[in-house]
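# Fold and contact review
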Amino acid sequence: IALEFMKSNQKNNTREFLKKLKPFFDFSIKNLEDVLSILAGLSIFSIIVFGAYFSDITYDEAYTYLNTGRIQDVWKIYLFRIANTHLLNSLLMTVTTLFFPYADFALRLPSVLISGIYVAITISFSKKFKNRLVVLGLLLLFYYVVEYMTLARGYGMSATFILAALFVYKEKNQFLQYHIWVVYLFMLALYANYVAIVPFGIMVAYMFVVD
């Protein structure tokens, strides 16, 4: 009975957590702009998948995999030896390459999957602005973001979590204890890439002054 209760409670908690994530994935279609936004998002995601699958491996990706991206070496991410170590990327890469070692796309799979979240948040975020297609274009058609989403690096992941934090702050009425969400999302951005400490610090200072 206790085991069944625990399973039921876990399912309820999972369901409640997924409900909280719903604002990030607003794919409702009500007008032409909604259609254009989804088509643009699908196009960019297709480009990311294509680039991740067919691009040659870069030096940084190979270095990361050989030093911190394999299961036997993953503990080295805590040594903070080099700026090339993107902690979250290395952890996720360790999982995806367990089944497909030395496959370039397996190295990049975590970045590709999180890029899908970036695209979804971009579509949802742009709906909150009057000139939504302009906002969508600025966030989605930015060359370097798309480029890094195709690589096994932490930059795209960090950008995704930063955007998610900004989305939560703008739509704070939809998130209970929104400031906690913002801090956790920025922490994930920081683990994805250390340079996120700059927008993290700016956002915390802004919230402290304004809120």
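All of the points below concern the structure found in this document. (Residues numbered from 1 in each chain as written. Predicted model: local features only at pLDDT ≥ 70, side-chain atom pairs only at ≥ 80, totals over all residues. Heavy atoms only, no water.)

## Topic: the nonpolar core
In this structure, Phe24, Phe161, Val168, Phe175, Val182, Leu185 and Phe186 are the most contacted members of the largest nonpolar core, which totals 39 residues. Those elements that provide at least two residues to this core are helix 2 (32-54), helix 5 (104-126), helix 6 (132-140), helix 7 (143-149), helix 8 (155-170), helix 9 (178-192) and helix 10 (197-210). At 9 residues, helix 8 tops the list of elements feeding residues into this core. Ignoring any residue separated from it by four or fewer positions in sequence, one finds Phe186 in contact with Ile162, Ala165, Pro199, Phe200 and Met203. (Core = buried A, V, L, I, M, F, W, Y, C linked by side-chain atoms within 4.5 Å. Buried < 20%, exposed > 50% of the residue type's maximum accessible area, 1.4 Å probe, protein only. Helix = DSSP H or I, 4+ residues; strand = E, 2+ residues; numbered from the N terminus. Contact = heavy atoms within 4.5 Å.)

## A look at a nonpolar patch on the surface
There is a patch of nonpolar side chains on the surface, built from Ile29, Leu32, Val35, Leu36, Leu39 and Leu133 and spanning about 530 Å² of accessible area. Among the elements that take part in the nonpolar patch, helix 2 stands out by supplying 4 residues, more than any other. Leu39 sits in the partly exposed class, given a relative accessible area of 48%. (Patch = residues over 30% accessible without salt bridge, like charges linked within 9 Å, V, L, I, M, F, W, Y side chains within 5 Å. Areas by Shrake-Rupley, 256 points an atom, 1.4 Å probe, with all protein chains shown as cover. Salt bridge = Lys/Arg side-chain N within 4 Å of Asp/Glu carboxyl O.)

## Points about the packing of helix 2 against helix 6
One can describe the packing of helix 2 onto helix 6 by two numbers: an axis separation of 11 Å at closest approach and a directional angle of 5°. The orientation of helix 2 relative to helix 6 falls into the category roughly parallel. Taking contact as the criterion, the partners of Glu33, Asp34, Leu36, Ser37, Ala40, Gly41 and Ile44 in helix 2 are, on helix 6, Arg132, Leu133, Leu136 and Leu140. The residue inventory of the contact of helix 2 with helix 6, partitioned by class, reads 6 nonpolar, 2 polar and 3 charged. (Axes fitted to C-alpha atoms, helices over the stretch in contact; angles between N-to-C directions. Parallel < 35°, antiparallel > 145°, perpendicular 65-115°, else oblique. Nonpolar A, V, L, I, M, F, W, Y, C, P; charged D, E, K, R; others polar.)

## Considering the pattern of salt bridges
Under the defined criterion, the tally for this structure stands at 6 salt bridges. Here Lys127 and Asp34 are joined by a salt bridge, their closest N and O atoms 3.8 Å apart. Residue Lys127 is found in the loop between helix 5 and helix 6, and its partner Asp34 is found in helix 2; the two are separated by 93 residues along the sequence. Neither residue differs from the other here; Lys127 and Asp34 are each classed as buried. We note a salt bridge from Glu171 to Lys128, for which the minimum N-O separation is 3.9 Å.

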